Amino acid sequence: MTSKASAPGKVILFGEHFVVYGVKAILCAIDKRITVTAEKIPDDIISIKSDIGNLQLQKNKSIDKIDGPLRPFYYLADKIIKKYDQNFGMQITVDSEIPLGVGLGSSSACCVAASAAISGVFEKISKDEVLQLAIEAEKTIFPNTSGADCTVCTFGGIMQYDKQNGHEKLEYKPNFHLVIANSKIEHSTKQVVSKVKQFKEKNEERFSQMCKEESDLIDDVMNCLENNDLKRIGLNMIKNQEYLESIGISNDRLRDMIKLANEYSFGSKITGAGGGGCIFALTDQSNMENAINQFKKNNYECFSAKIDFKGLDTF
Ligand code: MEV
């Protein structure tokens, strides 16, 4: 039997990095998806095919022996086959509409879609169970994850998230388009998160003040979302970007992109870990086309995205 699931990518509208230290973040699922297909195979192996590489390995290997971004898939397949005490292997195929490893939630969307697809070979499990497994799997490559990315990839829409209270879906349906541009600079979320940890340890007082300011900013954003006040959301993005600059996760190329984006949109910022990856600009019908054209004119890879309200889909 073949089991298939897809999950959307995401942007962090506000609060990345600070969310790791308890601040609320606002995330938004985007209409670009990762689809995972899982199928039983008679041999005792786990086989993974994806754009970022292939892996074929016997079951029951220690997870420490598996390197690289395919580790969560192996972890999930091995764990789920064991749970159902089955004597066969698993073939897993990954198809992506999301550029991988650029801060758009590809690794979380993979973990969510894989957790649902692999479990689905045996039985359909709830979204909450899928999420729990997905976060566990993501921790095999990214032990400090807050769980925020997997949560929004599972439930879709716009969501507020903090470590203590978990996620809460926001019922706002603001009328915006995001223009997402890729710096094409590779980054490792794990490394950038640990760089921020070092910054925090050297600047405890300053960092805790910034967490407070980020929190206030996010409270303001909640009102703006309710009133569809895109201009003010944009101004808050510009401010949030300044905090991200201060904690050292930007660079010259990202700064150039942000400068360009701010000229042609309501505001822009990095999304996700930073250090490379993507920025996004907030636009609506009035300025979206122009923002895209300006990025293209300056030779940046870019595309527009809308909010995905569906989240995890199984079929
Ligand atoms: C990465 O997409 C988001 C970070 O805040 C890390 C996390 O929340 O786990 C940088």
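All values reported here derive from a predicted model rather than from experimental measurement. Every chain begins its residue count from 1, and numbering advances along the sequence as written. Totals for whole chains, interfaces and linings use every residue, but because this is a predicted model, local features are given only for residues with pLDDT of at least 70 and side-chain atom pairs only at 80 or more, for both listing and counting. Working from all heavy atoms in the structure, the side-chain values ignore hydrogens and water.

Re the nonpolar core
The test is simple: Definition of nonpolar core: a set of buried residues of the types Ala, Val, Leu, Ile, Met, Phe, Trp, Tyr and Cys, connected through side-chain atoms within 4.5 Å. Remark: exposure states derive from per-residue accessible area (1.4 Å probe, protein chains only) relative to the maximum for the residue type, with buried under 20%, exposed over 50%, and partly exposed in between. By convention here, the domain bounds are inherited from an automatic or database domain assignment. The contact rule is simple, with two residues in contact once any of their heavy atoms fall within 4.5 Å.
With 101 residues, the main nonpolar core has Leu 13, Ile 26, Ile 92, Ile 180 and Phe 295 as its most contacted residues. Counting the residues that make up this core, at least three belong to each of domain 1 (2-172) and domain 2 (177-306). If near-sequence neighbours (up to four positions away) are discounted, Phe 295 is found in contact with Val 179, Ala 181, Met 257, Leu 260, Ala 261, Ile 279, Tyr 300 and Cys 302. Core analysis: the next-biggest nonpolar cluster, separate from the first, contains 10 residues, Ile 12, Val 20, Ala 29 and Val 152 among them.

Things to note about the state of the cysteines
Convention followed: Whenever a pair of cysteine sulfur atoms sits within 2.5 Å, that pair is classed as a disulfide.
In the structure shown here, the tally under the stated rule is 0 disulfides. Cys 110 carries a free sulfur, and the closest cysteine sulfur to it, the one in Cys 111, is 6.8 Å from it. The exposure class of Cys 110 is buried, given its relative accessible area of 9%. No disulfide involves Cys 150; its sulfur sits 5.2 Å from the nearest other cysteine sulfur, which is in Cys 111. Residue class for Cys 150 comes out buried when judged on its relative accessible area of 0%.

As for the site of the ligand
Our working definition: One heavy atom within 4 Å of a molecule or strand is enough for the residue carrying it to be called near that molecule or strand. Polar contacts, as counted here, are pairs of nitrogen or oxygen atoms within 3.5 Å of one another; within protein the pair requires one atom able to donate a hydrogen and one able to accept it, and residues that are adjacent in sequence qualify only if both atoms are side-chain atoms. Here the accessible surface of atoms and residues is derived via Shrake-Rupley with a 1.4 Å probe, and residues count as covered only by protein chains that are part of the display. Ten residue types, Ala, Val, Leu, Ile, Met, Phe, Trp, Tyr, Cys and Pro, are classed as nonpolar, four, Asp, Glu, Lys and Arg, as charged, and the remainder, Gly among them, as polar.
With respect to spatial proximity, 13 residues lie near the ligand, and among them His 17, Val 19, Thr 145, Ser 146 and Asp 149 are the closest. Here an oxygen atom of the ligand sits 2.9 Å away from a polar atom, N or O, in the main chain of His 17. For the ligand, the accessible surface in isolation is 290 Å², of which the surrounding protein chains cover 97%. A breakdown of the residues in the shell around the ligand according to their chemical character gives 6 nonpolar, 4 polar and 3 charged. The two domains that each donate at least three residues to the shell around the ligand are domain 1 (2-172) and domain 2 (177-306).

A closer look at the side chain of Arg 33
Where we set the bar: We count a stretch as a helix when DSSP gives it H or I for four or more residues in a row; a strand needs E for two or more, and each element gets its number in order from the N terminus.
Secondary-structure assignment places Arg 33 in strand 2 (residues 25-41). A relative accessible area of 15% means that Arg 33 is categorised as buried. Ignoring sequence-local partners within four residues, the contact set of Arg 33 consists of Ser 6, Ala 7, Pro 8, Asp 95, Ser 96, Glu 97, Ile 98, Asp 308, Lys 310, Gly 311 and Asp 313.

Description of the domain arrangement of the chain
As a reminder, the rule being used: As a working definition, buried area equals the accessible area (1.4 Å probe) given up by two parts on being put together, with both sides summed.
Here the domain parsing of the chain yields domain 1 (2-172) and domain 2 (177-306). Once you take the C-alpha centre of each, domain 1 and domain 2 turn out to be 24 Å apart. Contacts between domain 1 and domain 2 engage 30 residues on the former and 43 residues on the latter. The three residues of domain 1 that bury the most area against domain 2 are Phe 14, His 17 and Phe 18, which together make up 25% of that side's buried surface.

Concerning the pairing of strand 4 (residues 53-58)
To be explicit about the condition: Following DSSP output, two strands are said to pair if at least two bridges run between them.
Bridge count for strand 3 (residues 45-50) against strand 4 is 6 bridges, and the pairing is antiparallel. Bridging from a neighbouring strand, Ile 46 pairs with Leu 57 of strand 4. Hairpin connection from strand 3 to strand 4: 2 residues lie between these consecutive antiparallel strands.

Some words on the packing of aromatic side chains
Under the convention used in this document: Stacked, tilted and edge-to-face are the three classes assigned to paired rings of Phe, Tyr and Trp, where Trp is represented by its six-membered ring and a pair needs centres within 6.5 Å; plane angles under 30 degrees give stacked, over 60 edge-to-face, the rest tilted. For a Lys NZ or an Arg CZ to count as sitting over a ring, it must be within 6 Å of the ring centre and within 35 degrees of the ring normal.
Under the definition given, this model contains 6 aromatic pairs. With a centroid separation of 5.2 Å and 85 degrees between ring planes, the pair formed by Tyr 21 and Phe 207 is classed as edge-to-face. In this pair, Tyr 21 is assigned in the loop between strand 1 (2-14) and strand 2 and Phe 207 in helix 6 (residues 204-226), connecting sequence segments 186 residues apart. Put simply, the rings of Phe 18, Tyr 21, Phe 199 and Phe 207 pair up and form one aromatic cluster. Lying across the ring of Phe 309, Lys 173 places its NZ or CZ 5.1 Å from the centre.

As for the pattern of salt bridges
Opposite charge on two side chains permits pairing when their charged atoms draw close. We apply this condition: Salt bridges are identified by distance alone: a Lys or Arg side-chain nitrogen within 4 Å of an Asp or Glu carboxyl oxygen.
Under the criterion given, the structure shown has 15 salt bridges. In this structure, Lys 184 and Glu 301 form a salt bridge, with 2.8 Å as the shortest nitrogen-oxygen distance. Highlighted residues: Lys 184 in the loop between strand 8 (177-182) and helix 5 (189-202) and Glu 301 in strand 11 (residues 301-305), separated in sequence by 117 residues. Asp 313 is the partner of Lys 310 in a salt bridge, and the nearest nitrogen-oxygen pair spans 3.4 Å. Here Asp 313 falls in the partly exposed class, since its relative accessible area comes to 21%. Each of Glu 245, Asp 252 and Arg 255 takes part in a single network of salt bridges with overlapping partners.

Concerning helix 7 (residues 230-246)
It helps to recall that an α-helix has 3.6 residues per turn; residues three or four apart then point in one direction. Rules: Helix span, expected: 1.5 Å multiplied by one less than the number of residues in the helix. By arc we mean the arc of the directions from the helix axis to the C-beta atoms, nothing more.
Taking 1.5 Å of rise per residue, the 17 residues of helix 7 would be expected to cover 24 Å, and the 24 Å separating its terminal C-alpha atoms lies within 8% of that figure. Among the residues making up helix 7, those that are buried are Leu 230, Ile 233, Gly 234, Asn 236, Met 237, Asn 240, Gln 241, Tyr 243 and Leu 244. With its buried residues spanning 165 degrees around the axis, helix 7 presents them on a single face. Facing away from the buried side of helix 7, by more than 90 degrees, are the exposed residues Lys 231 and Leu 235.

Section: the packing of helix 5 against helix 6
When two helices pack together, their arrangement is captured by the angle between the axes and the distance separating the axes. Test applied: The angle between two axes is taken between their N-to-C directions and runs from 0 to 180 degrees, where each axis is a line fitted to C-alpha atoms and a helix contributes only its stretch in contact. What sets the label is the angle itself: under 35 degrees gives roughly parallel, over 145 gives roughly antiparallel, 65 to 115 gives roughly perpendicular, and the rest give oblique.
Their axes nearest at 5 Å, the elements helix 5 and helix 6 cross at an angle of 115 degrees. Relative to helix 6, helix 5 is oriented roughly perpendicular. Contact with helix 5, carried on its side by Val 196, Phe 199, Lys 200, Glu 201 and Lys 202, involves Glu 204, Arg 206, Phe 207 and Met 210 of helix 6 and no other residues of that element. Of the residues contributing to the contact of helix 5 with helix 6, the split by class is 4 nonpolar, no polar and 5 charged.

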